[in-house]
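Examination of the molecular architecture
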Amino acid sequence: MTTTVADTEEGTVSPYALSHLDSLESEAVHIFREVAGEFERPVILFSGGKDSIVMLHLALKAFAPAAVPFSLLHVDTGHNFPEVLQYRDRAVAEHGLRLHVALVQDYIDRGVLKERPDGTRNPLQTLPLTEKIQAERFDAVFGGGRRDEEKARAKERVFSLRDEFSQWDPRRQRPELWNLYNGRHAPGEHVRVFPLSNWTELDVWQYIAREGIELPEIYFAHEREVFQRAGMWLTAGEWGGPKDGETVEKRLVRYRTVGDMSCTGAVDSAAVTLDDVIAEIAASRLTERGATRADDKMSEAAMEDRKREGYF
Amino acid sequence: MSTITSEELSATTLLRFATAGSVDDGKSTLVGRLLHDSKSILSDQLEAVERASASRGQEAPDLALLTDGLRAEREQGITIDVAYRYFATPRRRFILADTPGHVQYTRNMVTGASTAELTVILVDARNGVVEQTRRHAAIAALLRVPHVVLAVNKMDLVDYREPVFAAIAEEFTAYASELGVPEVTAIPISALAGDNVVDPSANMDWYGGPTFLEHLETVPVSHDLAHCHARLPVQYVIRPQTAEHPDYRGYAGQIAAGTFRVGDPVTVLPSGRTSTISGIDLLGEPVDVAWTTQSVTVLLADDVDISRGDLIVPTKDAPATTQDVEATVCHVADQPLTVGHRVLIKHGTRTVKAIVKDIPSRLTLDDLSLHPHPGQLVANDIGRVKIRTAQPLPVDSYADSRRTGSFILIDPADGTTLTAGMVGESFASPEPVKDAADDDGWDF
């Protein structure tokens, strides 16, 4: 296949046209600065996953040479990959940020939330998240959600108003016109903000490569003890796997997403560099969520239903 | 795809475009084919659609399920909201604002078109230009979308005959140019059969132009914006106050139009104070020149009082400030907009109080006729509005700048986005706007 870039052809290029990554970066930075300018207590949801890492990188660039004027919030399911938690703590220390943590385990210990039979804790994150938002009175909460991830997310605004229960009502969304974002909200309400709305998985990886952003090792191929459940390779752990009839084996795998260990699957991969990963994703016939997320397969409207409840 | 290196992919540009089409014009089929042929529908998504279609008793997979993301949409089989879709070819990345075609969703079309550089208007070759086509063309013209594509679909149902296409293209182009649409590209296609969508059609030898995708891949983006009046709305003041940067004071914003260079004499509006650009930081890196739509931080030679909401402009090319804004608006909220309504106006990064002084006319999109003094605008209405603002605003004409010529009205009570506004005259102007403002004596 030839690889001509159309815009270098005669007559079609403007020296002022931005590359697609520059264009997405500029838009995301604009969104971060709008929130800094209009809100009192913004926070960035930070899981140590690639999308939140890119968000932090963009925020650092948006306010350089000053510090990022936001704190971070991690909703900790208790089923984390250790490499990801280490990354999180390093990033917080390196940039002098404040980290808030909402613990799912606390809620289970107090009997407020109940462990699900399948051990999946992703749906259990909503209550700790929304209570933390209320308790800390956060008025803008940045999420790394992208519209290409899922069909309900394709309907999401960049500035998404949530009521005092953090609920999303897709029928009552504000139209979003030009780049004039409306962040008005009543006391108790907050706005979820998605600076990566217009990015795709490939854009995120290309940006990581271009900017030389460091990632947790689990995103690259490594030997790992895994077992198969519902067509996915899961990491063995105290969270409840493997069960009877499930056997652990050593495989060369990597992760496309990072979430709760109980429902985030690894993919067979030999990709050890960023270029390998990009080539692999460009050729993949599966979406990131389809390949690695059990929780989205629960029903046709799983994501919409979780978002309505206040999930990110 | 897999043979393309990451550098080559990064070098591509981004085209934002919007679709408009009536329910049965084949919009979903066209979108489906574009996504499918550009490898943007992946197998797990297709499987999900097949599963859902089968559980509904449908024999073939219903591709509309790919794009109808909400429970209510799937239940009712209609599209109720704008959705954004992403796909890529080796030449370019695309963001598609997939907007519903029903007339009651004019606001959604306005939403999609506000950020689009190209609008696709679909017509059914058997029906030609109909009322809905004229409505779509009028909205594209109002929003000043730089490129309009007329996709004459279902050519397979008219035996791929050239005269059918030529007559529709001619009628539409004449109508569109009357509205002031700068450029129309007409393409005969069959979204269902695949003619001229991605691959050139063997059935229409008479057509020598680009396929639909080829046109999307090669249409120029951002081609004239850098030469417009330079405008930088200040979003945020960056003051590190650290040992390393004790005196750094930068004005952060996304350049809305034009080009700024170090050394340019600038004026800050609305105060009117002047200074010179002493430095430009492009996300941490110093540069000599920056242009739309880069997010930058500008440093000035003098200590000027500047805060969020101010507009930095070249001293030789400053817009007038005014407290009386005349605009064409599209009302997007369910509660009506009435004369005397107290609102907030967000223009660039500035939000000020305002009052609706007059609604001189409402536009009937079907025939572009004006209904004088309607008293109010309801959801999806397009009309002319006169607004008095509490503080002077440096507005441009929307015809000159889509970013500094646009605004939204917000309900101060509950924060609802009420209205999308475009400053200055449009094809719908009932009278010369500037003269009227002069007569009032409010002109600044």
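Residues numbered from 1 in each chain as written. Chains lettered and ligands numbered in written order. Predicted model: local features only at pLDDT ≥ 70, side-chain atom pairs only at ≥ 80, totals over all residues. Heavy atoms only, no water.

Our focus in this paragraph is the overall build of chain A. Within chain A, the regular secondary structure consists of 9 helices and 10 strands. By the compact-globule yardstick of 20 Å for 312 residues, chain A fits well, its C-alpha radius of gyration being 20 Å. Scored against the burial criterion, the 312 residues of chain A give a buried share of 63%. For chain A, contacts bridging at least 24 residues in sequence account for 73% of all contacts bridging at least 6. When the accessible surface of chain A is summed, it comes to about 11700 Å², and 49% of that surface belongs to carbon and sulfur atoms. For chain A, the distance from the average position of its 40 positive side-chain charges to the average position of its 53 negative side-chain charges is 4 Å. (Helix = DSSP H or I, 4+ residues; strand = E, 2+ residues; numbered from the N terminus. Rg over C-alpha atoms; globule rule 2.2 N^0.38 Å. Buried < 20%, exposed > 50% of the residue type's maximum accessible area, 1.4 Å probe, protein only. Contact = heavy atoms within 4.5 Å. Areas by Shrake-Rupley, 256 points an atom, 1.4 Å probe, with all protein chains shown as cover. Lys, Arg positive; Asp, Glu negative; His and termini not counted. Charge placed at Lys NZ, Arg CZ, Asp CG, Glu CD.)

With that settled, consider the packing of aromatic side chains. For the structure on display, the rule yields 18 aromatic pairs over all chains. Centroid distance Phe159 of chain A to Tyr181 of chain A: 5.1 Å. Interplanar angle 10°. Geometry classified as stacked. On the criterion of sequence distance, the pair formed by Phe159 of chain A in strand β5 (residues 159-162) and Tyr181 of chain A in the loop between β5 and β6 (190-193) is long-range, its members being 22 residues apart. Take Phe159 of chain A and Tyr181 of chain A: they sit in the same class, and that class is buried. Aromatic side chains Trp205 of chain A and Phe220 of chain A sit 6.3 Å apart centroid to centroid with 80° between the ring planes, which places their arrangement in the edge-to-face category. Pair noted here: Trp205 of chain A is in helix α6 (residues 201-211) and Phe220 of chain A is in the loop between α6 and β7 (222-229), with a separation of 15 residues, a long-range link. Of the two residues, Trp205 of chain A and Phe220 of chain A, neither departs from the other in class, the shared state being buried. Three or more aromatic residues joined by ring pairs form one cluster here, namely Phe32, Phe63, Phe70 and Phe142 of chain A together with Tyr236 of chain B. (Phe/Tyr/Trp six-rings, centres within 6.5 Å; stacked < 30°, edge-to-face > 60°.)

Where strands meet in a sheet, backbone hydrogen bonds hold them as pairs that are either parallel or antiparallel. All names here are of chain A. Judged by pairing direction, the sheet is mixed, and its 6 strands sit side by side in the order β3-β2-β1-β4-β6-β5 without closing on themselves. Whereas interior strands pair on both sides, the edge strands pair on one side only; in this sheet they are β3 (99-103) and β5. Ignoring strand direction, the axes of neighbouring strands in this sheet form an average angle of 30°. Judged from the 3 bridges that link them, strand β1 (residues 42-45) and strand β2 (residues 71-76) form a sheet pairing that is parallel. From the neighbouring strand, Val43 faces β2, where its bridge partner is Ser71. (Pairing = 2+ DSSP bridges. Axes fitted to C-alpha atoms, helices over the stretch in contact; angles between N-to-C directions.)

It is worth spelling out the side chain of Gln323 of chain B at this point. All names here are of chain B. Relative to the helices and strands, Gln323 resides in strand β17 (residues 322-331). For Gln323, a relative accessible area of 13% gives the class buried. Here Ala390 takes part through its backbone oxygen, which lies 3.3 Å from a polar atom of the side chain of Gln323. (Polar contact = N/O pair within 3.5 Å; in protein donor to acceptor, adjacent residues only side chain to side chain.)

Before going further, it helps to examine the environment of Asp334 of chain B. Residues and elements named next belong to chain B. Inspection of the secondary structure assignment puts Asp334 in the loop between β17 and β18 (337-338). According to the relative accessible area criterion, Asp334 is exposed, its value standing at 60%. Separated by 241 residues in sequence, Asp334 and Arg93 have C-alpha atoms that sit 35 Å apart. Once residues within four sequence positions are removed from consideration, Asp334 is found in contact with Arg107 and Ala379.

Let us look at the pattern of salt bridges. Residues and elements named next belong to chain A. Scanning the model with the defined rule gives 40 salt bridges over all chains in all. Linking Glu214 and Arg90 is a salt bridge whose minimum nitrogen-to-oxygen distance equals 3.1 Å. On the criterion of sequence distance, the pair formed by Glu214 in the loop between α6 and β7 and Arg90 in helix α3 (residues 82-94) is long-range, its members being 124 residues apart. Connected via shared salt-bridge partners are Asp22, Glu25, Lys61, Arg210 and Glu211. (Salt bridge = Lys/Arg side-chain N within 4 Å of Asp/Glu carboxyl O.)

What follows concerns the packing of helix α2 (residues 50-63) of chain A against α6 of chain A. Residues and elements named next belong to chain A. For the pair α2 and α6, the least separation of the axes is 11 Å and the interaxial angle reads 55°. Taken as axis vectors, α2 and α6 run oblique relative to one another. Crossing angle aside, the handedness with which α2 passes α6 is left-handed. Where α2 abuts α6, its residues Lys50, Asp51, Val54, His57, Leu58 and Lys61 lie against Glu201, Val204, Trp205, Tyr207, Ile208 and Glu211. For the contact of α2 with α6, the per-class residue count stands at 6 nonpolar, 1 polar and 5 charged. (Parallel < 35°, antiparallel > 145°, perpendicular 65-115°, else oblique. Left-handed = near helix turned anticlockwise from the far one by under 90°. Nonpolar A, V, L, I, M, F, W, Y, C, P; charged D, E, K, R; others polar.)

Our focus in this paragraph is the nonpolar core. One finds Phe17, Leu143, Phe212 and Leu216 of chain B to be the most contacted residues of the largest nonpolar core, which totals 73 residues. For Leu216 of chain B, the contacting residues outside a window of four places in its chain are Leu15, Phe17, Leu34, Arg92, Phe94 and Leu118 of chain B. Membership of the second largest hydrophobic core comes to 72 residues, among which are Leu24, Phe32, Leu97 and Ile218 of chain A. (Core = buried A, V, L, I, M, F, W, Y, C linked by side-chain atoms within 4.5 Å.)

All names here are of chain B. Strand order in the open sheet formed by 6 strands is β2-β3-β1-β4-β5-β6, with mixed pairing between adjacent strands. With partners counted over all chains shown, the strands left at the sheet margins are β2 (83-88) and β6 (184-188), one partner each. Neighbouring strand axes in the sheet, compared pairwise and without regard to direction, differ in orientation by 25° on average. On the sheet, helix α7 (residues 131-142) packs against β1 (13-20), β4 (118-124) and β5 (147-153) and is oriented at approximately 170° with respect to β4.

An α-helix turns once per 3.6 residues; consequently, residues spaced three or four apart project the same way. Residue and element names in this part refer to chain A. Within α6, 8 of the 11 residues are buried, which leaves it mostly tucked inside the rest of the structure. Listing the buried residues of α6 in full gives Glu201, Leu202, Asp203, Val204, Trp205, Gln206, Tyr207 and Ile208. One or two residues past the end of α6 sits Gly212, with phi positive at roughly 65°.

As a further point, take the packing of helix α1 (residues 20-38) of chain A against α6 of chain A. Residue and element names in this part refer to chain A. The interhelical angle for the contact between α1 and α6, taken along N-to-C directions, is 95°, at an axis separation of 11 Å. One way to sum up the angle between α1 and α6 is to call them roughly perpendicular. Across the interface between the two elements, His20, Leu21, Asp22, Leu24 and Glu25 of α1 pack against Asp203, Gln206, Tyr207, Arg210 and Glu211 of α6. The class makeup of the residues in the contact of α1 with α6 is 3 nonpolar, 2 polar and 5 charged.

Remember, this is a structural readout, not a statement about activity or role.
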